[in-house]
Amino acid sequence: MPIFSIIIPLYNKEAFIADTLNSALSQTFTDFEIIVTDDGSTDNGPAIVKSHTDPRIVYKRINNSGVSVARNTGIEIARGEIIAFLDADDYWEPQHLETLYKLYIDNPAVGMLTARYMIRIGKGMLKKPFFQGIDDNYSGIIKDAFYSSLINRVAVTSDVAVPKHVFSKTGMFNENVTHFEDTELWIKITNNYPVAITNQYTMVYNFDIPESLSREKMKYRKIMDFTQFTEEEKNNKSLKAFIDIYRIEYALKYRIEGDLINAGKLYRASDASAIHYKTKFLFMLPPFVLRSMLFVKHWLHRKGIAFSVYN
């Protein structure tokens, strides 16, 4: 039985999957299996995966059902003690698994292991995220993972590894959610277990910039049910602040599309005293102005200029 099962969901990523898969195969820690769950790809990605002859690679094709189903399928057939996630357009440095395993040995009671990561914004531009309350050279249990994720998330899918037994308590990815389904699960795990972080940057996260506003349409998305965390939020200010970031983000997206009812509901559910002045100003603008500003924001991101309206 391998120590790690690496889950790679694949859907039309032929431009990236070769580099992603090679980064997994090049790990200095070699006790792993790779499960590529093909979510009904229509491009050449599956052929690229099948061209590899390494016996540690397991290829599983399913009908197109979404990334949550693809990841859950991988978890269900995984034989490893620890599940490591890697999206088909992200990249690991060679010491990624070795660093996570050392962290696990030092902190065996954790529910989630996270590695430091770099964000690729624009062409070839890398940004090092800042985590509140965590020194750059610190490795170990995070005192308050929600607080540390208020500016940049500690847990992004490709930097996360989870002991498989944890899913029996928290459940797996919500297959009824299509956007930030990973964040919903990370919240559940963090509410029940300690979270640990490495002090090495071993993952490169390719920031996905939408090419058109149509990909941002909320009417095509199913978002998490925020009310499931109501009781936990009452007793955890950091959790409340963290979830409010997503409430505000969704509220702005609804407002951009002219859905003022859903926008207002999410906005009012957030802590008014903690909403940044920039966000309050945006909520005063008409939807057509917001759409123009969103276009400019995406253009700037592609040029390597990243910013947030939430803090």
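Chemist: Explain the nonpolar core to me, and be specific about the residues and the numbers.
Modeler: In terms of nonpolar packing, the biggest core is built from 59 residues, with F4, I6, I34, F85 and W186 touching the most fellow members. Sorting elements by how many residues they give to this core places strand β6 (residues 112-121) first, with six residues. Setting aside chain neighbours within four positions, we find F85 in contact with I7, R71, I75, W92, T157, S158, V160, V162, F167, F173 and W186. F226, F229, L239 and L294 belong to the second-largest nonpolar core, a separate cluster that totals 28 residues.

Chemist: Could you give an account of helix α9 (residues 237-256), naming the residues involved and the relevant values?
Modeler: In a regular helix each residue adds 1.5 Å, so 20 residues correspond to 28 Å; α9 covers 28 Å between its end C-alpha atoms and thus fits that length. Burial within α9 is extensive, with 17 of its 20 residues counted as buried. Here α9 starts with a cap whose side-chain oxygen sits 3.1 Å from the backbone nitrogen of S238, and that cap is N236. Just downstream of α9 lies G258, where phi reads positive at about 85 degrees.

Chemist: Talk me through the confidence of the model for the protein; I want residue IDs and the actual numbers.
Modeler: Scored by pLDDT, the protein has a mean of 90; 92% of the residues are at 70 or more. Under a pLDDT of 50 for its full length, residues 209-214 has, in the predicted model, 12 contacts with residues more than four places off or in other chains.

Chemist: A description of unusual backbone geometry should follow, citing residues and the corresponding values.
Modeler: Positive phi, normally seen in glycine, also occurs at N12, with a value near 50 degrees. Positionally, N12 belongs in the loop between β1 (4-10) and α1 (17-25). Here N12 falls in the partly exposed class, since its relative accessible area comes to 28%. The phi dihedral of F180 is positive, around 60 degrees, even though this residue is not glycine. In this structure, F180 sits in the loop between α6 (167-170) and α7 (181-192). Judged by relative accessible area, which is 17%, F180 ranks as buried.

Chemist: Explain the packing of α9 against helix α10 (residues 260-269) residue by residue, including any values.
Modeler: Where α9 meets α10, the closest approach of the two axes is 8 Å, and the angle between their N-to-C directions is 160 degrees. By the angle class used here, α9 and α10 are roughly antiparallel. Between α9 and α10 lies a crossing whose hand is left-handed. Counted together, K240, D244, R247, I248, Y250, A251, Y254 and R255 of α9 and L260, N262, A263, L266, Y267 and A269 of α10 form the full contact between these two elements.

Chemist: How would you explain the pattern of salt bridges if you had to name every residue and give the values?
Modeler: On inspection of all chains with the given rule, the structure shows 13 salt bridges. D87 serves as the salt-bridge partner of R71, at 3.0 Å between the closest nitrogen and oxygen. In this pair, R71 is assigned in helix α3 (residues 67-77) and D87 in the loop between β4 (82-85) and β5 (91-92), connecting sequence segments 16 residues apart. The residues R71 and D87 share a single accessibility class, namely buried. The salt bridge involving E181 is made with R71; its shortest N-O contact spans 3.0 Å.

Chemist: So what's going on with the pairing of β4? Which residues, and what values?
Modeler: The alternating pattern of β4 places I82 and A84 and I83 and F85 on opposite faces, both of which are buried. The sheet contact formed by β1 and β4 spans four bridges and is parallel. By the bridge assignment, I7 is partnered in β4 with F85. Inspection of the sheet shows β4 paired to strand β9 (residues 160-163) by three bridges, in the antiparallel sense. When the sheet's bridge partners are listed, I83 is paired in β9 with V162.

Each value, and the rule that gives it
Residues numbered from 1 in each chain as written. Predicted model: local features only at pLDDT ≥ 70, side-chain atom pairs only at ≥ 80, totals over all residues. Heavy atoms only, no water. Core = buried A, V, L, I, M, F, W, Y, C linked by side-chain atoms within 4.5 Å. Buried < 20%, exposed > 50% of the residue type's maximum accessible area, 1.4 Å probe, protein only. Helix = DSSP H or I, 4+ residues; strand = E, 2+ residues; numbered from the N terminus. Contact = heavy atoms within 4.5 Å. Expected span 1.5 Å × (residues − 1). Polar contact = N/O pair within 3.5 Å; in protein donor to acceptor, adjacent residues only side chain to side chain. pLDDT = per-residue confidence, 0-100. Axes fitted to C-alpha atoms, helices over the stretch in contact; angles between N-to-C directions. Parallel < 35°, antiparallel > 145°, perpendicular 65-115°, else oblique. Left-handed = near helix turned anticlockwise from the far one by under 90°. Salt bridge = Lys/Arg side-chain N within 4 Å of Asp/Glu carboxyl O. Pairing = 2+ DSSP bridges.

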